[in-house]
2 protein chains.
Amino acid sequence: MNSELIGDKVILSGEGASELYNIGYYGRPRGDTLELSLTEASYLFEREKINICLNQNSLDFEEFFKISSIRMENFELKYLVYKDLKERGYYVQPSSTDFRLYPRGIRPGEAPAEYFVHVISERKPLSLTELTFFMETAENVRKGILLAVVDEESEITFYVVKRMMMKGGMNPVDNFKGSGTLLEDRVVIFDSKLAKSLYNNGFFGKLLEGRLQLSLVESAYLLKKKIIKIVDRSGNLLSLKKFTGTATKIEPTFRMKLNIYEDMRNNRMVVKTGFKFGSHFRVYKEIESMKSHLPHSEYLVHTIPDDHVFLLPEMSRAIRLAQSVRKQMIFAYIKDKKAQYIDIGRAKP
Amino acid sequence: MNSELIGDKVILSGEGASELYNIGYYGRPRGDTLELSLTEASYLFEREKINICLNQNSLDFEEFFKISSIRMENFELKYLVYKDLKERGYYVQPSSTDFRLYPRGIRPGEAPAEYFVHVISERKPLSLTELTFFMETAENVRKGILLAVVDEESEITFYVVKRMMMKGGMNPVDNFKGSGTLLEDRVVIFDSKLAKSLYNNGFFGKLLEGRLQLSLVESAYLLKKKIIKIVDRSGNLLSLKKFTGTATKIEPTFRMKLNIYEDMRNNRMVVKTGFKFGSHFRVYKEIESMKSHLPHSEYLVHTIPDDHVFLLPEMSRAIRLAQSVRKQMIFAYIKDKKAQYIDIGRAKP
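Reading the values: rules and limits
Residues numbered from 1 in each chain as written. Chains lettered and ligands numbered in written order. Predicted model: local features only at pLDDT ≥ 70, side-chain atom pairs only at ≥ 80, totals over all residues. Heavy atoms only, no water. Helix = DSSP H or I, 4+ residues; strand = E, 2+ residues; numbered from the N terminus. Expected span 1.5 Å × (residues − 1). Buried < 20%, exposed > 50% of the residue type's maximum accessible area, 1.4 Å probe, protein only. Contact = heavy atoms within 4.5 Å. Buried area = accessible area lost by both parts, 1.4 Å probe. Salt bridge = Lys/Arg side-chain N within 4 Å of Asp/Glu carboxyl O. Polar contact = N/O pair within 3.5 Å; in protein donor to acceptor, adjacent residues only side chain to side chain. Nonpolar A, V, L, I, M, F, W, Y, C, P; charged D, E, K, R; others polar. Pairing = 2+ DSSP bridges. Axes fitted to C-alpha atoms, helices over the stretch in contact; angles between N-to-C directions. Parallel < 35°, antiparallel > 145°, perpendicular 65-115°, else oblique. Phe/Tyr/Trp six-rings, centres within 6.5 Å; stacked < 30°, edge-to-face > 60°. Lys NZ or Arg CZ within 6 Å of the ring centre and 35° of its normal. Least-squares fit on C-alpha atoms with pLDDT ≥ 70 in both.

Engineer: Give a description of helix 4 (residues 75-87) of chain A that names residues and reports values.
Structural biologist: All names here are of chain A. Between its terminal C-alpha atoms helix 4 stretches 18 Å, which fits the 18 Å expected from 13 residues at 1.5 Å a residue. The buried count for helix 4 comes to 12 of 13 residues, which makes it a mostly enclosed element. Residues of helix 4 that are buried: Phe75, Glu76, Leu77, Lys78, Tyr79, Leu80, Val81, Tyr82, Lys83, Asp84, Leu85 and Lys86. A positive phi of about 90° marks Gly89, the residue just after helix 4.

Here you go:
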């Protein structure tokens, strides 16, 4: 078998080349020859299945590795991920994204690939635009997205990215009426009957000795639904516009948070602050009763602007934390006036 | 007992006032009268121990609460924290910081207060300058720092902040020599003997089929210690200056990370990437042997610039995650050319 490095491909010819393809699904047949990508060739070279020549002179692995690193962007990272997936027994093929990954135990041809794999350095920021482009491309051909993030010490973390529908089973709350007072940065309902009703039926706010302390998003939501009126400390009525204006001064991301809060509440979920988990919200599909303790919340939801850029160490931290408290990490944003939810979770392929 | 709201104090006189002081340590005696802060007065009012008049007209609790919220910045938050600590059975007194907290079971006068309590809204950024000022003030009078962070739904999370010494028990590594190649954003040592020595004795990098992949900070450290030389892909020798220049282009925070990495390595600790936990480093005091798996790392260390401003939800996430994997969260920075470490941990007073 002859193998020659030409550009960013290794071209195999002679006996054995077709065997590599027929048995291992390496490379793409081109007439009588087989064309390997640099990652495939490195893998076979390191396993001593092939030798590689450049201008008919044999290369050693170190030489080949350095040349590959010059000829292919991100070569080291791609090779790490390719090798890792191969060693777990998967069939992996180069694709327009970095790789196509087949389901466990499935050979190319038996069934379609399951994931598009994107290899990313932890140092490279990832924009939401780029991520949704990945998702749309994959959705069009019914594949999933697997991000393979390589950290600076060459460890790989895999993430599955998918869209989420957020739906819960709560009944809407609308049969209570009353008013609250905006203090510095929260609204207090002093009427203890209303306070208890909102808390017990809608799970709004925090009850303190019969008073209800509402967050700004909760207050704006109830105001918009005409369930409560809000006055300032001097007793002046605040319009929704005035209230959201004040709230935005207190919290610059207020409107973004409110849009997502509202969408999830309208979809019958219970939405509470996620501060202790470093996210905007923790979300429950349904809460039967507030008599006992709150049940386990299923999601952490963090709102992001539609031009958000993910820093991967930060994303890693958020997802790792969500997982450690058995929640799904959801990133939410508004696109064309509609709320969108993306579920990013660690995967162990 | 008469009690009159004057400015941001409530002045008690008559029978019962001295009893409040002698038994509960509320207020500060001023001649025949007792002066309460608004938080103390609210607490006693809500528990129906006192009534409060304004211009000799009785106030109801709601009126008093609203007026207090106008007269004292952060009143609602301070009251939430005061009430919480009182209900846990602590003695708490107003102080130049928000409160002084006495050790459990200790009355004022029996022993000094243990903590200065600072009440902060989760929305308020906290600068490192401010935090170190808090710490220095407290250290001068041998007190600790307790941050009481109130989230938007009025839940309180307490954090204890203290300085840390970072010291480990590893032997220095210096008897190996060789060279590595800088590829795109990591250094590879192809010499498998050197690779194994560095990995097994210093726990540097990641071993892959006899090659060692080093991170940029690891490489710079070994280069500075003259343990390795580094060449580029064309074989040109890179000076330390040239290498750190290139590394800084790849990773803007490189120098900051390297300074802290170096300090901890020089203090005989084992420092590895903390990417999976969203921090710069995970740190081991000592590793006996790499033969088996790495043991549990004790710390997560995140480096910050000396003008860093903490966003509390982000800080909350980092600390919560560290705790969920049984590690201490340490923030590290360089001040006057010296590495400084701050341990911030959740407390349950």
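That covers the picture; the talk isn't over yet.
Engineer: Report on the interface of chain B and chain A, specifying residues and quantitative values.
Structural biologist: Accessible area lost during the coming together of the parts is what is often quoted as the interface size. Taken together, the contact between chain B and chain A spans 72 residues of the former and 71 residues of the latter. Approximately 6,300 Å² of surface area, both sides summed, lies buried where chain B meets chain A, with 50% of it carried by carbon and sulfur atoms. Ranking the residues of chain B by area buried against chain A places Glu153(B), Phe275(B) and Arg317(B) at the top, with a combined share of 15%. For the pair chain B and chain A, the interface holds 14 salt bridges. A salt bridge links Lys83(B) to Glu209(A); its shortest N-O distance comes to 2.4 Å. One can count 35 residue pairs in polar contact (both at pLDDT 80 or more) joining chain B with chain A. Tallying contributions element by element places helix 10 (residues 312-324) of chain B first for the side of chain B that touches chain A, with 9 residues. The residue makeup of the side of chain B that touches chain A, split by class, is 26 nonpolar, 15 polar and 31 charged.

Engineer: Just give me the short version of the sheet that holds strand 16 (residues 211-214) of chain B, but keep the residues and values in it.
Structural biologist: Residue and element names in this part refer to chain B. Strands sit in the order 15-16-14-13-17-18 across an open sheet of 6 strands; the sheet is mixed. Of all the strands in the sheet, just strand 15 (206-208) and strand 18 (237-238) have a single pairing partner and so form its edges. Note that strand 14 (residues 187-189) and strand 16 share 3 bridges and pair antiparallel. Looking at strand 16, one finds that Val187 is bridged to Leu214. Those strands touched by helix 7 (residues 216-224) are strand 13 (178-182), strand 14, strand 16, strand 17 (228-231) and strand 18, and its axis lies near 120° from that of strand 17.

Engineer: Help me get a handle on the packing of helix 7 of chain B against helix 8 (residues 240-250) of chain B, residues and values and all.
Structural biologist: All names here are of chain B. For the pair helix 7 and helix 8, interaxial distance at closest approach is 10 Å and the crossing angle is 170°. Between helix 7 and helix 8, the angle is such that the two are roughly antiparallel. In this structure, helix 7 uses Leu216, Ser219, Ala220, Leu223 and Lys224 to contact helix 8, whose residues at the interface are Leu240, Phe243, Ala247 and Ile250. Here the contact of helix 7 with helix 8 is composed, by residue class, of 7 nonpolar, 1 polar and 1 charged.

Engineer: Summarise the sheet that holds strand 20 (residues 279-284) of chain B; cite the residues concerned and give the values.
Structural biologist: All names here are of chain B. Strand order in the open sheet formed by 10 strands is 7-8-9-11-12-24-23-21-20-19, and the pairing between neighbours is mixed. In this open sheet, the two strands that pair with only one neighbour each are strand 7 (92-94) and strand 19 (270-274). Pairs of neighbouring strands in the sheet enclose a mean axial angle of 30°, with direction left out of account. Across 6 bridges, strand 23 (residues 328-335) lies against strand 24 (residues 338-347) in antiparallel orientation. Paired with Ala332 across the strands is Tyr341, a residue of strand 24.

Engineer: Lay out the packing of aromatic side chains in plain terms, naming residues and giving numbers.
Structural biologist: Under the defined criterion, the tally for this structure stands at 32 aromatic pairs over all chains. Measuring from centroid to centroid gives 5.5 Å for Tyr221(A) and Tyr261(A), while their planes differ by 75°, and the two rings are edge-to-face. Linking Tyr221(A) in helix 7 (residues 216-224) with Tyr261(A) in helix 9 (residues 254-266), this pair joins segments that are 40 residues apart in sequence. Judged on exposure class, the residue Tyr221(A) and its partner Tyr261(A) are both buried. An aromatic cluster is built from Phe45(A), Phe61(A), Phe64(A), Phe65(A), Phe75(A), Tyr79(A) and Phe190(B), whose rings are joined through pairwise contacts. Positioned over the ring face of Phe204(A) is Arg265(A), at 3.9 Å from the centre of the ring.

Engineer: Describe the pattern of salt bridges, listing the residues and the values that go with them.
Structural biologist: Counting across every chain of the model gives 48 salt bridges over all chains. Across the pair Arg123(A) and Glu251(B) runs a salt bridge whose closest N-O atoms are separated by 2.9 Å. One end of the pair, Arg123(A), is in the loop between strand 9 (115-121) and strand 10 (126-127); the other, Glu251(B), is in the loop between helix 8 and helix 9 (254-266), on a second chain. Glu251(B) matches Arg123(A) in its accessibility class, with the two residues each being buried. Across the pair Arg123(B) and Asp185(A) runs a salt bridge whose closest N-O atoms are separated by 2.9 Å. Of this pair, Arg123(B) sits in the loop between strand 9 (115-121) and strand 10 (126-127) while Asp185(A) sits in the loop between strand 13 (178-182) and strand 14 (187-189), on two different chains. You can call Arg123(B) buried: its relative accessible area is 18%.

Engineer: Give a detailed account of the relation of the copies chain B and chain A, specifying residues and quantitative values.
Structural biologist: Mapping chain B onto chain A leaves a residual RMSD of 0.0 Å; the transformation is a rotation of 180° accompanied by 0.0 Å of translation along its axis. On the angle and the small slide along the axis, the relation comes out as a two-fold axis. Using C-alpha coordinates, one finds that chain B approaches the rotation axis most closely at Leu321(B), a distance of 2.6 Å. Most of the interface of chain B is mirrored in chain A, where 99% of its interface residues are also at the interface.

Engineer: How would you sum up the packing of helix 2 (residues 38-46) of chain B against helix 3 (residues 61-71) of chain B? Please name residues and give values.
Structural biologist: Residues and elements named next belong to chain B. Helix 3 packs onto helix 2 with a crossing angle of 170° between their chain directions and a minimal axis gap of 11 Å. As judged from the angle between their axes, helix 2 and helix 3 are roughly antiparallel. On helix 3, the residues that touch Leu38, Ala41, Ser42, Phe45 and Glu46 of helix 2 are Phe61, Phe64, Ser68 and Arg71. Partitioning the contact of helix 2 with helix 3 into residue classes produces 5 nonpolar, 2 polar and 2 charged.

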